Amino acid sequence: MEQQAAAPLAALVQMTSGIDPDANLATIDRAIAAAAAQGASMVFLPEMSLLLDRDRQRSAPHIRREADSAWLPALQAMALRHGIWLHSGSMPLLADTGDRRVNRSHVIAADGSIRARYDKIHMFDVTLPSGENWTESAAYAGGDALIVVDTPLGRLGLSICFDLRFPELYRALVDCGAEVIAIPAAFTVPTGAAHWHILLRARAIETGCHVIAAAQGGTHADGRATYGHSLAVDPWGRILAEIVETGGDPTLALAPIAKEARREARTAIPLARSRAARRATIDSVCAGDRND
């Protein structure tokens, strides 16, 4: 009997990124080296891996347009040097036009080439019961494109942090062929404790996809605290890997991303077939509501 090939490994990197991009880059390089040494096929970084600083005036000198930023070439060089695919998590950049910022992810192949870019669509504009106030849209412009890209783990759908709360985005990514979903994040502690695990497992179950969510965790140099708990979840909602520790050097976890798990979950609960059969009815109901 022919032996089945081992599932490719995803490496999740949990960081406590700070306000010094050079220090963050050094941390990322160590993490990528460790992941490569352990046989990972692809590394996933958290949201704002290169710079996490809520002081917009202090962070401004570091943030440039992509073509002028040194961050992306540095990550490309790391992927090439270590021979591994890399998801950047995200980084703050100036938009290609105008003076707004974007929260942008990149997928970089093992040869150093950029295979995909994604700008976070949903802005984190909330006031929490704890009194924390966040208005991401005051400085950042939201993206307007869905992105799915081929990787060693399968077809990867891209999203970032607050996107997690919008299930229609993930349904659309699956319609575009996504088999694995990246959700890098810097969740606050109150929202993370309440919703992080529940929402990630729900997104995996309802899409029949693996979900890979590398997270920021700990107390950061800009004074904020993030929840951590980086997770890899299989399409049945089972947690494959979790990083509980926060703070200090980056923490690494490996998770097998087996395509057989996706096939089994989608066969057991054929959501796509049922959804297609009822789509016309659902659309007609929505049209009726609009006309009332």
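Up top is the structure these notes are about.
Residues numbered from 1 in each chain as written. Predicted model: local features only at pLDDT ≥ 70, side-chain atom pairs only at ≥ 80, totals over all residues. Heavy atoms only, no water.

### Quick notes on helix 5 (residues 189-207)
(1) Moving on: An ideal rise of 1.5 Å per residue puts 27 Å on 19 residues; helix 5 measures up with 26 Å between its terminal C-alpha atoms.
(2) Moving on: In helix 5, a bend of some 55° at H195 exceeds every other bend along the element.
(3) Moving on: Of the residues making up helix 5, those classed as buried are T191, G192, W196, L199, L200, R203, A204 and T207.
(4) Moving on: Just downstream of helix 5, G208 is the residue with a positive phi angle, here 65°. (Helix = DSSP H or I, 4+ residues; strand = E, 2+ residues; numbered from the N terminus. Expected span 1.5 Å × (residues − 1). Bend = angle between axes of the 7 residues up to and from the residue. Buried < 20%, exposed > 50% of the residue type's maximum accessible area, 1.4 Å probe, protein only.)

### So, the packing of helix 1 (residues 21-37) against helix 3 (residues 71-82)
(1) Moving on: Running from N to C, helix 1 and helix 3 cross one another at 20°; their axes reach a closest spacing of 10 Å. Viewed along their axes, helix 1 and helix 3 adopt a mutual orientation that is roughly parallel. The chirality of how helix 1 crosses helix 3 is right-handed. The residues of helix 3 that touch helix 1, namely those facing P21, L25, I28, D29, I32, A33 and A36, are W71, A74, L75, M78, R81 and H82.
(2) Moving on: Grouping the amino acids of the contact of helix 1 with helix 3 by side-chain chemistry returns 10 nonpolar, one polar and two charged. (Axes fitted to C-alpha atoms, helices over the stretch in contact; angles between N-to-C directions. Parallel < 35°, antiparallel > 145°, perpendicular 65-115°, else oblique. Left-handed = near helix turned anticlockwise from the far one by under 90°. Contact = heavy atoms within 4.5 Å. Nonpolar A, V, L, I, M, F, W, Y, C, P; charged D, E, K, R; others polar.)

### What to know about the side chain of T27
(1) Moving on: Within the secondary structure, T27 is located in helix 1.
(2) Moving on: Judged by relative accessible area, T27 falls into the buried class, the value being 16%.
(3) Moving on: Contact partners of T27, with chain neighbours within four places excluded, come to M15 and P250.

### Brief notes about the pairing of strand 1 (residues 9-14)
(1) Moving on: Burial analysis of strand 1 places five of its six residues in the buried class, which makes it a mostly covered element.
(2) Moving on: Pairing geometry for strand 1 and strand 17 (residues 251-256), over six bridges, is antiparallel. The residue of strand 17 that forms the bridge with Q14 is T251.
(3) Moving on: Summarising the sheet, strand 1 and strand 2 (residues 42-44) pair through three bridges and their orientation is parallel. Each residue of the ladder has a partner; that of A11, found in strand 2, is V43.
(4) Moving on: On the question of chirality, the crossover connecting strand 1 to the parallel strand 2 by way of helix 1 is right-handed. (Pairing = 2+ DSSP bridges. Right-handed = clockwise from strand over helix to strand, strands pointing away.)

### What to know about helix 3
(1) Moving on: Taking 1.5 Å of rise per residue, 12 residues should cover 16 Å, and helix 3 covers 17 Å from first to last C-alpha, within 8% of that figure.
(2) Moving on: What helix 3 keeps buried is the set W71, L72, L75, M78 and A79. For helix 3, the angular spread of the buried residues around the axis is 120°, confining them to a single face. Exposed residues on helix 3 whose side chains face more than 90 degrees from its buried face are L80 and R81.
(3) Moving on: One or two steps after helix 3, the chain reaches G83, where phi turns positive at roughly 65°. (Arc of directions from axis to C-beta.)

This is a description of form; function is not addressed.
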